[in-house]
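# Structural overview for review
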Amino acid sequence: MNVYPVRAIYMAEMMRTRRTLLQSVVSPVISTSLYFVVFGAAIGSRIDEIGGVSYGAFIVPGLIMLMLLTQSVSNASFGIFFPKFSGSIYELLSAPISFLEIVIGYVGAAATKSVVLGLIILATARLFVPMEVAHPVWMLLFLLLTAVTFSMLGFIIGIWADGFDKLQLVPLLVITPLTFLGGSFYSIDMLPPFWQGVTLFNPVVYLVSGFRWSFYGISDVSMVASLAMILLFLLVCLATIAWIFRTGYRLKP
Amino acid sequence: MSDSIIRIEGLSKTFAGGFQALRQVDLSIQRGEIFALLGPNGAGKTTLISAVCGLVSPTQGTVWVDGFDNVKAYRAARERIGLVPQELTNEAFETVWNTVSFSRGLFGKPPNPKHIERVLRSLTLWEKRNNRLITLSGGMKRRVLIAKALSHEPRILFLDEPTAGVDVELRREMWNVVRELRDQGVTIILTTHYIEEAEEMADRIGVINHGEIVLVEEKNVLIEKLGRKQLTVQLFEPLEALPPELATFALIQNEAGDELIYSYESAIQKAGDGGISALLGALNKAGVGVKDLHTRQSSLEDIFVDLVKERA
Ligand SMILES: Nc1ncnc2c1ncn2[C@@H]1O[C@H](COP(=O)(O)OP(=O)(O)OP(=O)(O)O)[C@@H](O)[C@H]1O
Ligand SMILES: [Mg+2]
């Protein structure tokens, strides 16, 4: 493991973030604020408390997750898609570096950005609803693991995509529905029993539930199941990336 | 070969569509030489370079770089190589300085602003170091790619058509940069469509066509071995038919009949028919009035065109 390539990739990616600061930080913050205004204040005031938590506060972890997932995927996928698209990926492929170094550089940068964004959204949320975080360390851990895992997923999508349309397809068709149906805005025991069972096949349910547990100590599924699920996801993504670099899938003719 | 820095053995590449771009290529590059790889469009030059640098997975064969297998020991192999690709590819919004420094880091080297400065100056990019790449001209962008390849002090430099789209003056400057690198011990492999460039720069020349190496030779030997000299004899009066005295010479007459073209070996000078002096003597004897004479040595370009045509 050599630190220089990792640092070079990481810094270059962070620099790219700085160039696109407005779209990468400001727009998610604005859209989250809108969610709070609509769901938290306008509609939320007519919804009962869930598990002793006001509805406005209840949706905070889910909203952060929603942003975390979509931002991680889109940042990381764009980060690797662009060099592939422009051809400058030749340098990455001819460099004396292992896939792990490439992943740490790209995914590390995308995840850093997502975590910072998550914290900014959390701070924004506190302006709308008063709340406390019960288990801050677990909260950060969930935040970090989710950001890393979904940045890896984004990285895979960026390599797989051979056009801008596909780059947007997965977040739009997969991530957003899974998150909306993943208990961001409701507790899954508000669903009919059949749909509660179906929901358990949605990985995002575990993320949102675990994350919410770190805030309020309430969860849909056990916290251990949540953690195990994220770790499983992380390993699957890592193995996929290792396979991609070993076979040159969509990277090398 | 004793001191080859790159050894390619049995390298083949068949692309996913079934197209075979490389066929059993064997090639050794000598340490410290400038090797020019020539071949028509689509011959497989870029594919060959890509396979050595790890951009294309070969279907068959092995490449050793300074003794290291470029797949099994890819780190050791790749850190020795700098690659300047044929296509202009750039991160448009980066500055020259950042992108060149990035390349150095990517190849595992600690930062060294002094070295980056040297490289940028040698390529006359120093003034542009804070410019974004998008604001540079095509020739400058190509030089940035060269700077990136040199940023990590490679021992081997691949230049895939380095001077395409570069103006004449700059081309000469780049040749000088390449020679300086060679003097520092860097091995250089370049592809080019400007034969003049190969003639000017290369120590050895390889010709590839349809994915096969059809020839590898020292440049000088190549020119001597294949190079023919031509003597053109301009006559005062057109000849209706060749006089019998000239029958033994392999002469070609132009259409007007007032020029005779005589080809002979430049190096060997012992043409079976007696060479130039015999021809001139025969002309004299036949009473053919000679207006003017000129000779021409065929260039590498002629040789190249012949080779590729022959094997097509
Ligand atoms: N990714 C690919 N998939 C399929 N065929 C390819 C691919 N890359 C190159 N080829 C084919 O392989 C052949 C060799 O291409 P290559 O780029 O090596 O040629 P070249 O000698 O560099 O030509 P040029 O002088 O035009 O640069 C061409 O016929 C090309 O169409
Ligand atoms: Mg080419």
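What you see is a predicted model, and the numbers here were worked out from it, not measured in a lab.

### Structural notes on the overall build of chain B
- From N to C terminus, chain B includes ten helices and 14 strands.
- In terms of overall size, chain B is more extended than a compact globule, its C-alpha atoms giving a radius of gyration of 25 Å where 312 residues would be expected to give roughly 20 Å.
- With the C-alpha coordinates of chain B rotated into their principal frame, the extents come out at 80 × 45 × 40 Å.
- Counting every position in chain B, which comprises 312 residues, the buried fraction comes to 48%.
- For chain B, restricting intrachain contacts to residue pairs at least 6 apart in sequence, the fraction spanning at least 24 positions comes to 70%.
- For chain B, the exposed surface amounts to about 14,700 Å²; the carbon and sulfur share of it is 49%.
- Positive and negative side-chain charges of chain B, numbering 37 and 42 respectively, have mean locations separated by a distance of 9 Å.

### Digging into the coordination of the magnesium ion (ligand 2)
Residue and element names in this part refer to chain B.
- Taken together, the protein donors to the magnesium ion (ligand 2) comprise Thr46 (OG1) and Gln86 (OE1), at separations of 1.9 to 2.1 Å. On the criterion of sequence distance, the pair formed by Thr46 in helix H1 (residues 45-53) and Gln86 in the loop between strand E6 (81-84) and helix H3 (96-106) is long-range, its members being 40 residues apart.
- When its relative accessible area of 32% is taken as the criterion, Thr46 is described as partly exposed.
- Exposure remark for Gln86: the relative accessible area of 26% places this residue in the partly exposed category.

### Observations concerning the pattern of salt bridges
- Overall, the coordinates contain 19 salt bridges over all chains when judged by the stated rule.
- With a closest N to O distance of 3.2 Å, A:Lys166 and A:Asp162 form a salt bridge.
- Taking relative accessible area as the criterion, A:Asp162 reaches 52% and is therefore assigned exposed.
- Across the pair B:Glu200 and B:Arg179 runs a salt bridge, and its minimum N-O distance is 2.9 Å. Separated by 21 residues along the polypeptide, B:Glu200 in helix H7 (residues 195-201) and B:Arg179 in helix H6 (residues 168-183) bring together distant segments of the chain.
- A cluster of three or more residues bridged by salt bridges with shared partners is formed by B:Asp3, B:Arg31, B:Asp66, B:Glu79, B:Arg80 and B:Arg155.

### A short note on the domain arrangement of chain B
Residue and element names in this part refer to chain B.
- Each domain of chain B was delimited in the assignment, giving domain 1 (4-223) and domain 2 (228-311).
- A C-alpha centroid distance of 42 Å is found between domain 1 and domain 2.
- Residue-level contacts link 13 residues of domain 1 with nine residues of domain 2.
- A buried area of about 1,000 Å², summed over both sides, lies between domain 1 and domain 2, and 77% of it is on carbon and sulfur atoms.
- Counting every contact that joins domain 1 to domain 2 gives zero residue pairs in polar contact (both at pLDDT 80 or more).
- Secondary structure elements with two or more residues in the side of domain 1 that touches domain 2: H7, strand E9 (204-209), strand E10 (212-218) and helix H8 (219-226).
- The residue makeup of the side of domain 1 that touches domain 2, split by class, is ten nonpolar, two polar and one charged.

### Description of the site of ligand 1
- Close to ligand 1 lie 15 residues; B:Asn41, B:Lys45, B:Thr46, B:Thr47 and B:Gln86 are nearest.
- Proximal residues around ligand 1 fall on chains A and B, making this an inter-chain site.
- One of the side-chain nitrogen or oxygen atoms of B:Thr46 is found 2.6 Å away from an oxygen atom of ligand 1.
- In the environment of ligand 1, an oxygen atom lies 3.5 Å from a nitrogen or oxygen atom belonging to the side chain of B:Glu161.
- Isolated, ligand 1 exposes 640 Å² of accessible area, and the fraction of that covered by the protein chains is 65%.
- Taken together, the residues of the shell around ligand 1 sort by class into six nonpolar, seven polar and two charged.

### Remarks on the interface of chain B and chain A
- Across the boundary between the two partners, chain B contributes 31 residues, which contact 27 residues of chain A.
- When the two sides are added together, the surface that chain B and chain A hide from each other amounts to roughly 2,500 Å², 58% of it contributed by carbon and sulfur.
- Sorting the residues of chain B by area buried against chain A places B:Leu55, B:Arg75 and B:Leu106 first, and these three jointly supply 24% of that buried surface.
- Across the chain B-chain A interface, the total number found is two salt bridges.
- Put simply, chain B and chain A have ten residue pairs in polar contact (both at pLDDT 80 or more) between them.
- Only helix H2 (74-78), H3 and helix H5 (138-150) of chain B provide two or more residues apiece to the side of chain B that touches chain A.
- In terms of residue count, the dominant contributor to the side of chain B that touches chain A is H3(B) (five residues).

### Overview of the UniProt feature "transmembrane region" (unreviewed entry) in chain A
All names here are of chain A.
- Per the UniProt annotation, the sites labelled "transmembrane region" (unreviewed entry) are residues 21-43, 55-82, 103-125, 137-157, 169-188, 194-211 and 223-245.
- End C-alpha to end C-alpha, residues 103-125 measures 32 Å, and it is 100% helix and 0% strand.
- Counted over residues 137-157, helix gives 100% and strand 0%. Its end C-alpha atoms are 30 Å apart.

### Observations regarding the packing of helix H2 (residues 21-43) of chain A against helix H5 (residues 99-128) of chain A
Residues and elements named next belong to chain A.
- Where H2 contacts H5, the two axes come as close as 10 Å, and the packing angle between them is 35 degrees. As H2 runs across H5, the sense of the crossing is right-handed. Each of Ser24, Val25, Pro28, Val29, Thr32, Ser33, Phe36 and Val37 in H2 lies in contact with H5, whose residues at this interface are Lys113, Leu117, Ile120, Ile121, Thr124, Ala125 and Phe128.
- In terms of residue class, the contact of H2 with H5 is built from ten nonpolar, four polar and one charged.

### A look at the sheet that holds strand E1 (residues 4-14) of chain B
All names here are of chain B.
- Overall, antiparallel pairing links the four strands, which are arranged E2-E1-E4-E5 in an open sheet. Single-partner strands in this sheet number two, and they are strand E2 (20-30) and strand E5 (68-69).
- Summarising the sheet, strand E4 (residues 60-65) and E5 pair through two bridges and their orientation is antiparallel. Each bridged residue has a counterpart across the sheet, and for Trp64 the counterpart in E5 is Asp69.
- Sheet strands touched by H1: E1, E2 and E4. Its angle to E1, the strand with the most contacts, is close to 115 degrees.

### Overview of the sheet that holds strand E7 (residues 156-160) of chain B
Residues and elements named next belong to chain B.
- Across the sheet, six strands lie side by side as E6-E7-E8-E3-E9-E10; this open sheet has mixed pairing. Single-partner strands in this sheet number two, and they are E6 and E10. On average, adjacent strands in this sheet sit at an angle of 15 degrees to one another, irrespective of strand direction.
- Pairing between strand E3 (residues 34-38) and E9: four bridges, direction parallel. When the sheet's bridge partners are listed, Leu37 is paired in E9 with Gly206.
- Most of the contacts of H5 go to E6, to which it runs at about 170 degrees, and overall it touches E6 and E7.

### Comments concerning the nonpolar core
- In terms of nonpolar packing, the biggest core is built from 146 residues, with A:Val60, A:Phe155, B:Ile6 and B:Phe158 touching the most fellow members.
- Counting residues domain by domain, this core receives three or more from each of domain 1 (4-223) and domain 2 (228-311) of chain B.
- Beyond its immediate stretch of four places on either side in the chain, B:Ile6 contacts B:Leu27, B:Ser28, B:Ile29, B:Val52, B:Val63, B:Trp64, B:Ile156, B:Phe158 and B:Ile189.
- Within the second largest apolar cluster, 14 residues are counted, among which are B:Leu239, B:Phe249, B:Leu260 and B:Ala282.

The rules behind the values
- Residues numbered from 1 in each chain as written.
- Chains lettered and ligands numbered in written order.
- Predicted model: local features only at pLDDT ≥ 70, side-chain atom pairs only at ≥ 80, totals over all residues.
- Heavy atoms only, no water.
- Helix = DSSP H or I, 4+ residues; strand = E, 2+ residues; numbered from the N terminus.
- Rg over C-alpha atoms; globule rule 2.2 N^0.38 Å.
- Buried < 20%, exposed > 50% of the residue type's maximum accessible area, 1.4 Å probe, protein only.
- Contact = heavy atoms within 4.5 Å.
- Areas by Shrake-Rupley, 256 points an atom, 1.4 Å probe, with all protein chains shown as cover.
- Lys, Arg positive; Asp, Glu negative; His and termini not counted.
- Charge placed at Lys NZ, Arg CZ, Asp CG, Glu CD.
- Donors = N, O, S within 2.8 Å, 3.2 Å for Na, K, Ca; no water.
- Salt bridge = Lys/Arg side-chain N within 4 Å of Asp/Glu carboxyl O.
- Domains from an automatic or database assignment.
- Buried area = accessible area lost by both parts, 1.4 Å probe.
- Polar contact = N/O pair within 3.5 Å; in protein donor to acceptor, adjacent residues only side chain to side chain.
- Nonpolar A, V, L, I, M, F, W, Y, C, P; charged D, E, K, R; others polar.
- Near = heavy atom within 4 Å.
- UniProt positions renumbered as here; feature names shortened; annotations may be inferred.
- Axes fitted to C-alpha atoms, helices over the stretch in contact; angles between N-to-C directions.
- Left-handed = near helix turned anticlockwise from the far one by under 90°.
- Pairing = 2+ DSSP bridges.
- Core = buried A, V, L, I, M, F, W, Y, C linked by side-chain atoms within 4.5 Å.

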